Amino acid sequence: MSKDENKLRHLAIIMDGNGRWATKRGLPRSMGHKKGAEVVKEITRAAGELGVEFLTLYAFSTENWKRSEDEVQTLMGLLRDYLKSDLKEVQENNVRIRFIGEREMLDADIVQKMAEIESETLKNTGMTLCIALSYGSRQEIVNAVKKTAALVKEGDISLNDIDVKLFSDMLYTKDMPDPDLVVRTSGEQRISNYLLWQIAYSEFYFTDVLWPDFNKKLLEDIIAEFNKRERRYGKA
Ligand code: FPP
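For the structure given in this document, a descriptive report is provided here. Since we're looking at a predicted model, the values are computed, not measured.

Notes on the pattern of salt bridges
Phase 1 of the analysis: Under the counting rule described, the total for this entry stands at 24 salt bridges.
Phase 2 of the analysis: Measuring nitrogen to oxygen at the nearest pair gives 3.8 Å for the salt bridge that ties Lys41 to Asp86. Pair noted here: Lys41 is in helix H2 (residues 29-49) and Asp86 is in helix H3 (residues 69-92), with a separation of 45 residues, a long-range link.
Phase 3 of the analysis: In this structure, Glu188 engages Arg190 in a salt bridge whose closest nitrogen and oxygen atoms are separated by 3.2 Å.
Phase 4 of the analysis: Accessibility expressed as a relative area gives 45% for Arg190, which makes it partly exposed.
Phase 5 of the analysis: Residues joined in a network through salt bridges with shared partners are Asp16, Arg20, Arg184, Glu188 and Arg190.

Here's what the structure looks like:
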């Protein structure tokens, strides 16, 4: 296998354990999310320094809407601050920012800010930071099926034109390579409706470390471990 097939181009992270981190310290869950948002900044910077080309972060899932009104508001408040101030530094570092997920569910000012950030950073040539916000993979796939079916119905494509490439282009992640590595923090070993189509050949790394305790050194260790893995993509 060529060395390139093993290269970590796209890192996807499920940032889990904010609540437990706070509870362990006798703090409200909101403090865990606040610390988690700081770690997002640190890890985005670190990923760029470590040569990652695409970083996808699971910031809010479609299922997270079912949390208490209070907690949803805390997370939306942090996201608002993040979009309005934290992302400025990221933008200045030539990072291209994009968002995946169901925007209809989000408040109008957040959606507007997301669109602004995407268009302002579209031409940046550094790392791509992809933030999954109000994201659910099954919903993404159903939307892609509907888009594809509409093209067939309109006569723009025929049934036989549908293949893996065409279908991939109907997903939010169009134009992005599939994740090479998915990391989940906090000891949970599940995927939770994250990038189900895109992770067909991804490697996985689960760590017990809670997201607010995650840091650059750990990321370096995980990448070193990933670099030792042999990826065969079904080949002998
Ligand atoms: C999981 O912790 C974390 C989330 C709900 C999503 C990640 C959110 C952040 C890192 C903070 C805000 C993000 C940005 C981009 C500003 P949990 O609450 O599920 O933890 P628990 O399993 O211990 O309860």
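Considering the site of the ligand
Phase 1 of the analysis: Around the ligand sit 19 residues, and of these Met15, Gly19, Arg20, Arg29 and Arg67 come closest.
Phase 2 of the analysis: A distance of 3.1 Å separates an oxygen atom of the ligand from a polar side-chain atom of Asp16.
Phase 3 of the analysis: One of the side-chain nitrogen or oxygen atoms of Arg29 is found 2.9 Å away from an oxygen atom of the ligand.
Phase 4 of the analysis: Coverage of the ligand by the protein chains reaches 93% of its 620 Å² of free accessible surface.
Phase 5 of the analysis: The cavity that encloses the ligand is the largest pocket.
Phase 6 of the analysis: Among the secondary structure elements, those contributing two or more residues to the shell around the ligand are helix H1 (18-24), H2, strand S2 (54-61) and H3.
Phase 7 of the analysis: Among the elements that make up the shell around the ligand, the one with the highest residue count is H2 (5 residues).
Phase 8 of the analysis: Looking at side-chain class alone, the shell around the ligand contains 8 nonpolar, 6 polar and 5 charged residues.

Definitions and cut-offs
Sequence order as written defines the numbering, with residues in each chain counted from 1. In keeping with the predicted nature of the model, local features appear solely for residues at pLDDT of at least 70, side-chain atom pairs appear and are counted solely at 80 or more, and the whole-chain, interface and lining totals rest on all residues. Computation of side-chain values covers all heavy atoms of the structure but excludes hydrogens and water. In the sections that follow, a salt bridge refers to a side-chain nitrogen of Lys or Arg positioned within 4 Å of a carboxyl oxygen of Asp or Glu. To qualify as a helix, a DSSP run of H or I must reach at least 4 residues; to qualify as a strand, a run of E must reach at least 2; elements of each kind are numbered from the N terminus. Each residue is placed in one exposure class: buried if its accessible area under a 1.4 Å probe, protein chains only, is under 20% of its type's maximum, exposed if it is over 50%, and partly exposed if it falls in between. Only a single heavy atom is needed: when it lies within 4 Å of a molecule or strand, its residue is near that molecule or strand. Throughout this description, a polar contact denotes any pair of N or O atoms lying within 3.5 Å of each other; where both atoms belong to protein, one of them has to be capable of donating a hydrogen while the other can accept it, and for residues adjacent in sequence the pair is counted only when both atoms sit in side chains. The Shrake-Rupley method, run with a 1.4 Å probe sphere, supplies the accessible areas, and residue values consider only the shown protein chains as cover. Detection works on a 1 Å grid of protein atoms alone, calling trapped sets that fit a 1.4 Å probe cavities and calling open sets with protein on both sides within 12 Å along at least five of seven lines pockets, with lining residues defined by an atom within 4 Å of a point. If over half the atoms of a molecule are within 2 Å of the grid points of a cavity or pocket, the molecule is regarded as sitting in it. Under this grouping Gly is polar, as are all residues other than the nonpolar Ala, Val, Leu, Ile, Met, Phe, Trp, Tyr, Cys and Pro and the charged Asp, Glu, Lys and Arg.

Purely geometric numbers; function is a separate question.
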